[in-house]
Amino acid sequence: MGPTWVNSPVLMEALLRYEQGMLPQQMRHWLRAVLEINDEQPLTGEQQGKEESA
């Protein structure tokens, strides 16, 4: 079972780093679990990064 609360500044910093592609893999998994994001469901930053590199 995950945490019942998360420190908002920590979550926001993790989200920013996630969108920039600067978050370690374990932290990406943690963030996806906390925000209940599917692995197949990319966030905005991931989509933009793939479009720019194509």
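Conventions and cut-offs
- Residues numbered from 1 in each chain as written.
- Predicted model: local features only at pLDDT ≥ 70, side-chain atom pairs only at ≥ 80, totals over all residues.
- Heavy atoms only, no water.
- pLDDT = per-residue confidence, 0-100.
- Contact = heavy atoms within 4.5 Å.
- Salt bridge = Lys/Arg side-chain N within 4 Å of Asp/Glu carboxyl O.
- Helix = DSSP H or I, 4+ residues; strand = E, 2+ residues; numbered from the N terminus.
- Buried < 20%, exposed > 50% of the residue type's maximum accessible area, 1.4 Å probe, protein only.

> Explanation requested: the confidence of the model for the protein in the structure shown.
Interpretation of the predicted coordinates at a detailed level should be avoided for regions scoring low in pLDDT. For the protein, the average pLDDT comes to 76, and 65% of its residues sit at 70 or higher. Low pLDDT (under 50) marks residues 47–54, which in the prediction has 1 contact with non-local residues, meaning those over four places away or in another chain.

> What's the story with the pattern of salt bridges in this structure? I'm lost.
Counting across every chain of the model gives 1 salt bridge. Its salt-bridge partner being Arg 17, residue Glu 13 comes within 2.9 Å of it at the nearest N-O pair. Here Glu 13 and its partner Arg 17 are both found in helix 1 (residues 8–20), 4 residues apart, which amounts to about one turn of the helix. Residue classification places Glu 13 among the partly exposed positions, given a relative accessible area of 37%.

> Mind showing me how you'd approach unusual backbone geometry here?
Excluding glycine, most residues fall at negative phi; most peptide bonds, likewise, are trans. Even without glycine at this site, Glu 36 takes up a positive phi of about 55°. On the basis of relative accessible area, Glu 36 is assigned to the exposed category, the value being 71%.

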